[in-house]
Amino acid sequence: MLLQENHPVTFAMSCAIVGLSGCAYFYLSKLLNDSVIISVFNAITVRHLRWGFPNCFNRFRKLGYQWIH
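Let me begin by describing the structure that accompanies this report.

Cut-off values and rules
For every chain, the first residue of the written sequence is number 1, and numbering continues from 1 onward in sequence order. Totals for whole chains, interfaces and linings use every residue, but because this is a predicted model, local features are given only for residues with pLDDT of at least 70 and side-chain atom pairs only at 80 or more, for both listing and counting. Neither water nor hydrogens contribute to the side-chain values; these are computed over all heavy atoms in the structure. Elements are defined by DSSP. Helices are runs of H or I of four residues or more, strands are runs of E of two residues or more, and each kind is numbered from the N terminus. Think of it in three bands: residues with accessible area under 20% of the maximum for their type are buried, residues over 50% are exposed, and the middle band is partly exposed, with areas taken using a 1.4 Å probe on protein chains only. Every residue pair with non-hydrogen atoms within 4.5 Å of one another is taken to be in contact. Here, Shrake-Rupley sampling with a 1.4 Å probe gives the accessible areas, and only protein chains in the shown set may cover a residue. Fitting a line to C-alpha atoms yields each axis, with helices limited to the stretch in contact; the angle taken between N-to-C directions then spans 0 to 180 degrees. If an angle is under 35 degrees, it is roughly parallel; if it is over 145, roughly antiparallel; if it lies from 65 to 115, roughly perpendicular; otherwise it is oblique. Whether a crossing is left-handed or right-handed is set by the direction in which the near helix is turned from the far one by less than a right angle, anticlockwise for left-handed and clockwise for right-handed. Within 6.5 Å between ring centres, the rings of Phe, Tyr and Trp (the latter by its six-membered ring) count as paired, and their orientation is classed by plane angle as stacked under 30 degrees, edge-to-face over 60, tilted in between.

**Considering the overall build of the protein**
Piece 1. Per the secondary structure count, the protein includes five helices and zero strands.
Piece 2. Listing each helix as α and each strand as β along the protein from the N terminus yields α-α-α-α-α.
Piece 3. For the protein, the proportion of its 69 residues judged to be buried stands at 10%.
Piece 4. In the protein, of all internal contacts separated by at least 6 residues, the share reaching a separation of at least 24 is 17%.
Piece 5. Counting only carbon and sulfur atoms, one obtains 62% of the accessible surface of the protein, whose full area is about 5,900 Å².

**Remarks on the packing of helix α4 (residues 35-47) against helix α5 (residues 53-62)**
Piece 1. Put simply, α4 and α5 touch, their axes get as near as 11 Å, and they point 120 degrees apart. The angle between α4 and α5 places the two elements in the oblique class. Relative to α5, α4 is oriented so that their crossing is right-handed. Contact with α4, carried on its side by Val-40, Phe-41, Ile-44 and Thr-45, involves Cys-56, Arg-59 and Phe-60 of α5 and no other residues of that element.

**A closer look at the environment of Cys-15**
Piece 1. Among the secondary structure elements, Cys-15 is positioned in helix α2 (residues 11-18).
Piece 2. In this structure the C-alpha to C-alpha distance between Cys-15 and Tyr-25, which are 10 residues apart in sequence, comes to 8.3 Å.

**A few points about the packing of aromatic side chains**
Piece 1. Counted under the stated rule, the structure contains five aromatic pairs.
Piece 2. Taken together, a centroid distance of 5.4 Å and an interplanar angle of 65 degrees make the contact between Phe-11 and Tyr-25 edge-to-face. Remark: Tyr-25 occurs in helix α3 (residues 22-26) and Phe-11 occurs in helix α2; sequence separation between them is 14 residues.
Piece 3. On the basis of relative accessible area, Phe-11 is assigned to the partly exposed category, the value being 27%.
Piece 4. Residue class for Tyr-25 comes out partly exposed when judged on its relative accessible area of 36%.
Piece 5. Ring geometry for Tyr-25 versus Phe-26: centroids 4.9 Å apart, planes at 85 degrees, classification edge-to-face.
Piece 6. Counting every residue linked through ring pairs, the aromatic cluster contains Phe-11, Tyr-25 and Phe-26.

Right under this line is the structure:
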């Protein structure tokens with residue numbers, strides 16, 4: 001972290017300064033490629049133009065996808 005290299009502060013202090021939690025700093029995405037989500041979402045919205053997110057989310061669940069919204 002650049003802030004730690006230039007000033008004698010702890011990791012917790014530097015996170016507090018920039019308003020970031022330690023968990024968010026170390027977070028690694030479990031799904032590296034969103035192309036599957038995008039393609040399924042596009043397929044649903046092309047067929048159902050007036051559906052909002054709740055309907056699309058329910059359809060994802062019915063199709064067996066377990067993505068967290």
